[in-house]
Each structure stands twice: as C-alpha cells, then as structure tokens.
Number of protein chains: 4
Amino acid sequence: MYKVAIIGDGYTAVELLRLISGHDQMQVEYVLSLENIGREFAHIYPQLLGYSDIVCSPSDINILKGNCDAAFLALPHGQSVPIAKQLLEWGIKCVDLGADFRLKDVKVYEEYYHIEHQAQDLLARAVYGIPELYRDQILKTDLVANPGCYPTGAIVPLAPLLEAGLIKTDYIIIDSKSGVTGAGRELRASSHFCEVHNGIRAYGIGTHRHGPEIAQELGFCAGMEVGMRFTPHLVPMSRGILSTIYVNLNRGIRGENVRDCLREKYQDEPFVKILPDGFMPDTNWVKGSNNVHIGFQIDEHRGNMVLVSALDNLTKGASGQAIQNMNLILGIEETKGLKMPGLHP
Amino acid sequence: MYKVAIIGDGYTAVELLRLISGHDQMQVEYVLSLENIGREFAHIYPQLLGYSDIVCSPSDINILKGNCDAAFLALPHGQSVPIAKQLLEWGIKCVDLGADFRLKDVKVYEEYYHIEHQAQDLLARAVYGIPELYRDQILKTDLVANPGCYPTGAIVPLAPLLEAGLIKTDYIIIDSKSGVTGAGRELRASSHFCEVHNGIRAYGIGTHRHGPEIAQELGFCAGMEVGMRFTPHLVPMSRGILSTIYVNLNRGIRGENVRDCLREKYQDEPFVKILPDGFMPDTNWVKGSNNVHIGFQIDEHRGNMVLVSALDNLTKGASGQAIQNMNLILGIEETKGLKMPGLHP
Amino acid sequence: MYKVAIIGDGYTAVELLRLISGHDQMQVEYVLSLENIGREFAHIYPQLLGYSDIVCSPSDINILKGNCDAAFLALPHGQSVPIAKQLLEWGIKCVDLGADFRLKDVKVYEEYYHIEHQAQDLLARAVYGIPELYRDQILKTDLVANPGCYPTGAIVPLAPLLEAGLIKTDYIIIDSKSGVTGAGRELRASSHFCEVHNGIRAYGIGTHRHGPEIAQELGFCAGMEVGMRFTPHLVPMSRGILSTIYVNLNRGIRGENVRDCLREKYQDEPFVKILPDGFMPDTNWVKGSNNVHIGFQIDEHRGNMVLVSALDNLTKGASGQAIQNMNLILGIEETKGLKMPGLHP
Amino acid sequence: MYKVAIIGDGYTAVELLRLISGHDQMQVEYVLSLENIGREFAHIYPQLLGYSDIVCSPSDINILKGNCDAAFLALPHGQSVPIAKQLLEWGIKCVDLGADFRLKDVKVYEEYYHIEHQAQDLLARAVYGIPELYRDQILKTDLVANPGCYPTGAIVPLAPLLEAGLIKTDYIIIDSKSGVTGAGRELRASSHFCEVHNGIRAYGIGTHRHGPEIAQELGFCAGMEVGMRFTPHLVPMSRGILSTIYVNLNRGIRGENVRDCLREKYQDEPFVKILPDGFMPDTNWVKGSNNVHIGFQIDEHRGNMVLVSALDNLTKGASGQAIQNMNLILGIEETKGLKMPGLHP
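A short tour of the structure in this document, coming up. Small disclaimer: the values here were computed from a predicted structure and weren't measured.

1. Details of the relation of the copies chain B and chain C
Here's step 1: Its rotation angle being 180°, the transformation that places chain B on chain C also includes 0.0 Å of axial translation and leaves an RMSD of 0.0 Å. The symmetry that links the two subunits is that of a two-fold axis. In terms of proximity to the rotation axis, the leading residue of chain B is N198(B), whose C-alpha is 3.9 Å off the axis.
Here's step 2: Most of the interface of chain B is mirrored in chain C, where 100% of its interface residues again form contacts.

Here it is as structure tokens:
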C-alpha cells in the first residue's frame, strides 16, 4: 500500500479522495490545508462521511518527510514550485495538478501567470502528464505536470491527427464549454449560482491561460508552431468539458484516414473511446469517469472536419488523470481506482 | 411622474429597476450604492443596457432631500432604521424591503437579528406590506415594511382560513422551498453554483428569521398565538418559492368551505389566483410576475389539508410587492408596472 | 385595436400571448389548435391565468375570415403553405414562424425539409423577417418569413461586416449553443430532463436545417456565396442562444473598423446592443427580452476575430421578432409590446 | 462469479449495470428488453461504452432457465408477477424493483394500482427489501420486494423511533422532494426539460402509490396503524430524494433519546449515516452512492422534531438497494459493488 499526501483541500483534492477511496494500493495519509487545519476532511465534504476519517494537517511539508511515497500538489499556481523542489529532494514523487511545470518556455509562463518561475531546472525533469502521449517518459520521471482540463480535451483528439500530418496547422479553432467546477471552489461572482444558472457565456477570449498550454502541446505533436484560437465558455452544469474543434484537412485526406488514425492510436487505451459512427459525445456520458469520448464529422467536399471531445474536468481533466499518472510513477497498474463508467442519468 | 430613489444595489434593486422600466408614472432618479459608486448600473446588470442609464450615487441620503417623492430601502437589516427616520422627516415616503420594521415586538427583533432597534417609535407607524391584507392601512401610511419572501407565501394562503376560523391554530407546518436569489448576491459557499446545483437541502431549521415574522402575522389573523413549524429549503433554481402547508381543519369544516373562503377573499385581487380544481402551483408559472398561485387538497375524512402556494421571491416576494405598496402610498393605480404574466417556459 | 389569430399552440404560441398581453394595440382573438380544442389556453399554460381567457378553437381557418387583421402561423414546416395562401387571399396578413417561406431556393428547401413546396409563387412575396436588415421590404409586404432562432443570432452580427467587406467569406465558423425550448414542446428523448440536465452535446452537425438559411442570408449580405460551418449544441437551460463566430479579417482591417461598422449599423436599433468594450454577451442578460447583445474580440496580429451574440430563442429568435414584424406590417410602432429588459437573475 | 439477468432496460437497469461493472462476484449475462432487442446496451447508454458489451435480448424468459442464478426485475407494475413466479420455479432468485410484491394487503394493491394481483401466494414469501430492517428474512428468501424510492427515505429514519415508541403515531408528515429520474425514462410532459427546469411543484398529493407502502411499513414498525400525510415534489435535479419529516415526540422524550436511538440502530450499518450534530443532509452528498444521510432538529419545548433524510433514488432508492438485497440472497458480502462515496461536486 503506497502512502500519498494531498496538498490542498479544494475540489480536485476531494475528487482525489473520492477516487482513492476505491483504490486498493494507494492510501491518503495526509491532506495539507491552510484554512481547515484540524478539521475532519469529511466535515468539509460530507459525501466522504464513512469513507475517510482524515483530519486536515497544517501546510507544513516537513511532516511528509519519510512518511509518504508521493504527493499530489493541488495548489494555486506558483505555490507548487518550492514544495515540489523540496519533496523531490526527500525522494517523494510529485504529481502537480497546478500549472507550474506545464509550460516548457519560462517566458510564456511568466507572461501568462505574472510570476517569476523559481525552479526552472525542474522544467526539463517534469513530464507533461497525458499518459496516452507521454507514457514512456512518465514511467521514468518523479515529477509529472498534470495537464489543464481544457488542454486534455483539445490535445487528445488532435494529437494523432497532427502527428500523422492529416490536418492543416495554420488555423485550428477550439471552442470549449466547461462546467463550473472548472473554476474551483473559490467564491467569486462568476461562480454564484444565480449568475451562472440557466445561461451561457464566453470568457477569457484570447487571454485564458490554457491557450498557450494547448499551443505548446499541439506544436510538439505537429513538429511546428500551430495557429489556433481557443474560446472557453461557462455552461450551467457542475462537471464536464465539451470541446468542438474545427480543422481543415490536408489535401486528399478522407474520412476513413481520420477514422483509422484515431482508432489505431487509441484502440488499446483504456480511457479514450472513439465513439461509434453516428454518435457525438455528451459530457453526461463521461461524468465522474476518467474517460474521454471523441466523435467527428467530416465534410470531404470542403475538406474540413469537426471533432468533438468530452471529458469530466475533475476526473480525466484533473484528479483522475493525476491518479493515472501517479499509478504510472509508482509502478501500479495504470487503471487502478479509475475503472468506473460515467454516472448518468 | 413620481421620482423615486433606490437605496441599495443588490438583486432586489435590479428587480425594482426592471419593473419600473415599464411603469409610466414612476421614475428612478437615484440608486445609492456603497461599492459601485460612479458606475453605470447597467454595467453591473447588463440586462438593463438600453433601459436605464442611471449611475450609482454615493450612499449619502442628503442628495435625496427635496429631489424624491419616495424611496425603496433595499439594505441589510439594521441599516434602514436611521435612513427611514431621516427620509420620513424630509417627507420622503419609504418602502423598506429589509426586516427592520416588520416585527412589532422589539424583543423578538433583537433576539433574531442580534441588534438593538434604534427607532422603536416608527414600528407603530410602519404597516406590514401585504396589500391584500392591509390595503387600508397602507393607503394611509408613509412607511411600509415590505414582507419577507417566505412570509408572503405562507401568510397569503393561511390568512383567510385563520380569520374565518376554519383551521386549527396549534400546529401548522410550513415546508418552504426557495430558489437561490433568496439568499441575495453576496458571495458565500451556500450560493456557489457547484454546491447548490443538482441537489436540495434544508437549512435554518428552527432559526430562520422569517419564522417569527410568519408567526406574528398568522397570530394577528387568528387573534391568538399560533403554533407553527417553518422549514426552508434551498432548491437549484434562480427564483421562486413553493410553500407546502399542512393544517388541520376545525370540526365539521369541509372542502367547499375552504374553497369558498379562499375564492371569496381573493376573487377581486389582481395578483392572487386560486387555481382551478385539479391544479397545483408550480413556481415556473409565476416567475417574473407579481402573482401568487394557490392550490389545495383536502382530506375530509381525516380532517386535514395541504395548501400549496407559489410566488417569485424577487417579485411578489420582494420588489414587485414593494412597487405594489409604493403605488398605494403614492396614490398610483395599484397594479401599475406589475401586469405581466410569468415567464415560462 | 388590431385583431390577430395564432395558429398553433406550442411554445412560440404561448410566448406570443405573453408578449401581446402587454401590447395595447393588438389583441389575440383566436388560438387554433389540433390537440387542445375547447380547452382554455391558460389551463395548458397556467402562467396566463388572469391574463387570457381565450379558448382553443379547432384548426379550421374559415373562422378567421373577416374576423382578423392578421395571423401568426406557428406550425410545423409544410403546414403553413396552404394556410398562408388562403389567409392572404382573404386579406389577412401573415407572419409565419415556421420555415416554409424562408428559403428562396425551392431545391434547398426540398432537400432539407423532404417535402415539396406547394406555393412557390409566394416565395418572392415573402420577406425574410429581420427588421434590422429588411425593414423597408417588410413595411410593404403582407407575408413575413420569420427567421429561425439560430439564423437571427448568426446573421445580425455578421451582416454589417459582410456588407462592408471587412471579413473573408470563404470560411466562417458559427458555433451555437441553444437552450432546450429551441426544440419545442414535443416529447422526445433529447428533451427529457434527465438526458439534458447537467450536460452539453453537439447535434445535427452538417445537417441542421438552419444551416442553409444562414448561408442564404450571409450570401445575400456578401453578394456572393459564403463558406461556413454551423454547429449547434444543446445546453441545459430553458432559453437562450449564444453564437460564437470565428471570422478572418480582410487585409488591413483593424479593430476600430469592426467596432465602427457594428456601432454605426445598429446605433439606432432598439433591440440590438453592441456591448461596451470589455463585455461579452451572456444569454442571461437577454432572457425574456427582444434584445440581441453582441460582443467581439479581435486579434489584429493574426487578422482574425471572435464575435459573440446572445438572444432569447423564443423572443428575438421567434415570437418577439414575429411581433416586431407584425407591428411593422400592421403599421404599429415597431417596439410595441417588446420594450422590457431581460429577466435576470 | 454469479450470473444475473436484468429484465427491463430503463434507468434502474442502466444503474444496475453501472454498479455491477465494479462488482467482482456478479456478472450481468442478459438484459431483456422489449424495445431495444438486438441493440448493444452501451449504444443506448453510451456511458457504458468500454464497460459492457451486452446486447439486449428479447423479453423471453425461457433463455434464463438454467443460465442464471438470479434476476433483477425492473418492469412496470403488474408485469413482474408472472415472471417472478416462473423464475422462482426454475430456482432463479428474484429481486423485484417494481411494486408488485411490496404491499401485503392485496386490496390496497388493487386499489392503488388498478390491477388484479395474479400471484397472491407469493406475497407472503416476498420480503420487503430494506436490509437494515429485514436482513434476517432477506437472507432466507428467494424473492425480495425492493422498496420504492420515497418509502426508503421515509422508513429508514422513522423505523427506529416508532419501534422504540419515541414518537406519536397519529400524525406524521412526510414532505419529500425528488429528482426527475424518479419518474423514469418514459417521455411525458412532466419530464420535459422545459417544464421541470428552474421550478418546483408538488404532485400526486393524496394519491401517490408510495403513500400506502410507507403507511404499511410505518405501521409494522409501530405495531399499529399510523396516521400520515405524504406529499411528493418534483425538483429540477436528476437524482436524489430529500424527505423532511415532521413528528411529535411522546411525553418526556428528549433530544438525546432520539439521537441515541438513531445512532444505536444504525451505528454498524454501512449505508446509513446519522450526520454529526449541526449537519443537515444534502442530496448532493449521496449522489451516485448507496448511502442514506439523516439529520434532525428537535424542539424539546414544543415536543416536536424535524427529521431530514437524503438518498439517491436510483441507488439506495432502487438499484443500489437491489444489489444489496441480491448480495444477501446470493450469500455475497452485503456491500460488494456498493462501496463508493457520493459524487460531488
């Protein structure tokens, strides 16, 4: 039984605890908190009553030294850097659910996050944690940069097509729609029930921090810079991200090429499902699960395509993928704790 | 054209502006604010773009002196007392949407609101603003205590039955279900979308401040103290209160007595509808309107009855009723600005 | 007082009644129904209790002859054709909320609606009912083809830019998100609460009937065929359509050109609001109103732009616009019955 | 590995498959369907893609003979009777999720379900399937009448108090609020998204079929007939039932008696949680889990109490409890397949 710590007590932390409660080789030893020290975690999140009797510890990582095999860092950006540095020195493996180790280019990080990066040496060591793309490197590292929720939904369907050179790289449009848990548990007007319920709006157009993260990874897949537009929207639902992606096909590419490329890439992946012909994803079908569903519709005549992906932003978009990564770096079977279907209806 | 001020800038304030935008004898001259001074009100609430170009004024009531006929006070409890006192001295009539003048018994007020009442002399002058019950007094006063949202939904259906002595007074149960606007625009965990959406819960059992307000008014109707239980619930919807009320009938009272009593009382009221037989209220049918819908089901055999009322907490439960009261005290036709049906679907 | 009939009894019919209940020059004389003959309309839609005592008539248009000035046709496609033909012969003006007179090219109509058009001669007479674009023609006609909900949201923001030649016409992407009332009152799995709630999905990609309607109108604005992609989505909300539109700017076009073009076109329009800089539309701000809100964000460097529009699919997207058109063809002031702000929160 | 069949293909069927997909001693061999014969079950409910490749069989129970250990009957009322009779003869154990074996009094059954009961001899053999109350009998039977969703939420909190004689039996009020999955997958106006969303209403007052079921069980607990009122409400959420229960305490009963009684009864139960003092249940905390949460608030002065229970109507209110019962009758550990916390947020 591996002992892990969770540093942070927000929505991704409780999702980690939910999933790990059904994991038979991993056990949460500590939850480190700033605001809830001494409080039973299940009193903050009563869905855990009977499943966890853990009490929030103060945010002093010294208690982890020698007591944990690994840690999940579920912290606001900037805060993971010194903690990861220290934990790695103590031999504690890290999966960082924040943004601090995702962007390889420090300048981009500093431009978007308005903060100086304190441990640039770790950036090379950190592996971007989409196992379907970087499994081999993840298996060898002790520091995983768990991807953002929007990036996972955009990169998974596009990566094989870019790698195979099937689509044009100059103008990819990613129109994403997210549930409100994506904005976390913090109190702000834009998460107030009455402001969100029964309506939809776009936000952060051209400025959202997941934009450069998506661009970086699509660029790696394509082997060149990719021109893209990313527009996030807020939808009156708790969980889920639907990404509708518009791409132009390279000359001569037909529907079957796209279908074959996606099916081949993901046929053995436990968490990525290319939907049967005629189906398009619905976030309801992946809710609470670690699955990504992908559908597409091709207009061969005009040479363009719509790809649609759905995932649960808290699971495959955050904590589920973090456990998948943690399983890999601890040498546990990759799907442990993650094998449940979506909760629907 | 009467000139009015709105003191406050929360959800009841914007609802006042929405309704008054269609009122041809009343005009909002000022919105007094603490946090949004100098900001266009329609930039806080863009649904008003094109309907109001009012700019929020500082919360200094001196600007109102001589410039307004009346004011709506939409403030947290305790704050209305000194303001109402001053405005009344200047001859500015007041409708207070807060709780400061609702409870006739200062001790109850101070017990529930944890604050000393600074103008007890005004309590006798204030009329409890349910026009269907207190129209004559409202017409003669210059200070209306606009009722709470839950009390309106409980008192309107019960008042005629208590006045007529049809029901027992020792044990009335009021099980109410409210939308989230009832908790206002303030940021708190209990109004966070993700905490509210897709679930329901009870809150404030035995301690909610609308309890004594309901008890007071039911007592006035019955001419004696009434034993009651009031349980509010939070429902994942924006607006609306449904109150399910359980009463025991006095000996020999039959369904037709109840029906006749309610229909007779409210047949000429523009905003209270006793639903046709076989219909039970739905909050969707009153959304955005000033209507109260009432239905009931009687078990003659066991001598008890379920009454159900529905209203929109921001309209008949707050700002709509406030305008109804304001119309009365200004001598305007009572229904002005309020004659629209519910917005559904 | 003009007398009008409503043919149909679905959601657009009840929205017409809601709006006309506040209209002082128009009165609904008849609602023609197939399934609810003899039933009080307000018993089907109890939000109208106290606002309408109309009883549904059988669907026999002969009763309209000589008894109405005009009719709203709110019927499934194909059914309006013979009815409009007859009513026009009797001198009854028609606003058709269905699709039968929208597409000028009969072949496109027959391809998408799988039905032969029975009155092609009327197509030239029918004016496409976006008053902001076709006001002069509407004033002169007696047959208005009221636009689809998605098309209104796509065409209004794009029309001035295409007319002015500011944007490229080869690849416009329209990613639209609609509330469920857009699918009407019919019972189908895709409108079942449990299938829709708390999730989002795309549907009808490449096949939705509003695609050719949008293409037709954008083509008229551009003076040439326009290449476009239209993807509708279903969002867990009752009303509202948000359209996120991706366009490429013509060489040398800057943000100020776009801003000026849109503002100039719509500055005197009562129902189209170009939002202040820094604001992006939210469907909540237009709910229940006849307004269209438009925002945009330009990337001058890359020469592309995101336009976002919001409207209420039942109001400006259907019944509100129908009343706006009806006001025009009856010679009533265009905004009568339509001057309320959105209902929010 | 036990082989089971599911007869029916609605929401309780898919919930059974979801839960059994994580059960390591039970396997679904057949799903019998009327409307989806030959269709992959995961194509009806794509959340199961990758978790089940079962294809719907025709509704001919002969294929089950000799091929199954047990069956879940998830059918409309009346249809289970002949099927259960036949399966039991073949030695196939049955858990019936319908209503056919719940009511011990055939006259009450026939009055409420308008159907003649075809196998009254089985009624004595059927055990009402709340394991927390009837575990010993369930262990010995081969026919379990799985309770209705509302009854479970009402009976679990009340049973110990009635058995211990702490509360009065003449007037118990049960005000319940359910999500829409409770009405099943059938298409009806009352489950249409636009009719339900953003509103709340009461329904079936005095006529709902779960009323006599609750009365029967409360009567068994009390050892006498119990006077009760049961009012169900429809809430705009997918899953969950909150029951707010009003009872009068017997003379001299104090809060600690109630607390002790409930805690003692349920302290070793895996699925019933008496919440810590100060907490009241929220359906969000039990969503997707087999848990019942119970809270209460006592007014010792007036001698009455409010009890609140929350459960997921599809899990503890239907399929989860059915698996719990099935585990018992098959001799499997009772909690197998059911040990996950609620999915929230």
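2. Considering the environment of V235(A)
Here's step 1: Relative to the elements of secondary structure, V235(A) occurs in the loop between β10 (228-234) and β11 (241-248).
Here's step 2: A C-alpha to C-alpha distance of 5.7 Å links V235(A) and S178(A), two positions 57 residues apart in sequence.
Here's step 3: Among residues more than four places away in sequence, those in contact with V235(A) are K177(A), S178(A), G179(A), V180(A), V196(A), I200(A), I200(C), V235(C) and P236(C).

3. Focus on the interface of chain B and chain C
Here's step 1: Of the residues lining the interface, 35 residues belong to chain B; the matching set on chain C comes to 35 residues.
Here's step 2: Of the roughly 2900 Å² buried where chain B meets chain C, counting both sides, 67% is carbon and sulfur surface.
Here's step 3: Together, Q47(B), L343(B) and P345(B) form the three largest contributors to the area buried by chain B at its contact with chain C, with a combined 25%.
Here's step 4: The interface formed by chain B and chain C holds zero salt bridges in total.

4. Here's the deal with the packing of aromatic side chains
Here's step 1: A complete count under the given rule lists 20 aromatic pairs over all chains for this structure.
Here's step 2: Aromatic pair Y128(A) and Y134(A): ring centres 6.4 Å apart, planes at 85°, arrangement edge-to-face. Per residue, the accessibility class of Y128(A) equals that of Y134(A), and both read buried.
Here's step 3: For the ring pair F41(D) and Y45(D), a centre distance of 5.1 Å and an interplane angle of 50° mean the geometry is tilted.
Here's step 4: Judged by relative accessible area, which is 0%, F41(D) ranks as buried.

5. What to know about the interface of chain C and chain A
Here's step 1: Taken together, the contacts link 46 residues of chain C with 46 residues of chain A.
Here's step 2: Carbon and sulfur atoms make up 51% of the area that chain C and chain A hide from each other, which totals about 3500 Å².
Here's step 3: Inspection of the chain C/chain A interface yields four salt bridges.
Here's step 4: For D175(C), the salt bridge goes to K177(A), with nearest N and O atoms at 3.0 Å.
Here's step 5: When contributions to the side of chain C that touches chain A are tallied by element, the ones reaching two or more residues are β8 (172-178), α8 (193-196), β9 (201-202), β10 (228-234), β11 (241-248), β13 (292-299) and β14 (304-311) of chain C.
Here's step 6: It is β11(C) that provides the largest number of residues to the side of chain C that touches chain A, a total of five residues.
Here's step 7: Here the residues of the side of chain C that touches chain A are counted per class, giving 22 nonpolar, 14 polar and 10 charged.

Rules used in this analysis
Residues numbered from 1 in each chain as written. Chains lettered and ligands numbered in written order. Predicted model: local features only at pLDDT ≥ 70, side-chain atom pairs only at ≥ 80, totals over all residues. Heavy atoms only, no water. Least-squares fit on C-alpha atoms with pLDDT ≥ 70 in both. Contact = heavy atoms within 4.5 Å. Helix = DSSP H or I, 4+ residues; strand = E, 2+ residues; numbered from the N terminus. Buried area = accessible area lost by both parts, 1.4 Å probe. Salt bridge = Lys/Arg side-chain N within 4 Å of Asp/Glu carboxyl O. Phe/Tyr/Trp six-rings, centres within 6.5 Å; stacked < 30°, edge-to-face > 60°. Buried < 20%, exposed > 50% of the residue type's maximum accessible area, 1.4 Å probe, protein only. Nonpolar A, V, L, I, M, F, W, Y, C, P; charged D, E, K, R; others polar.

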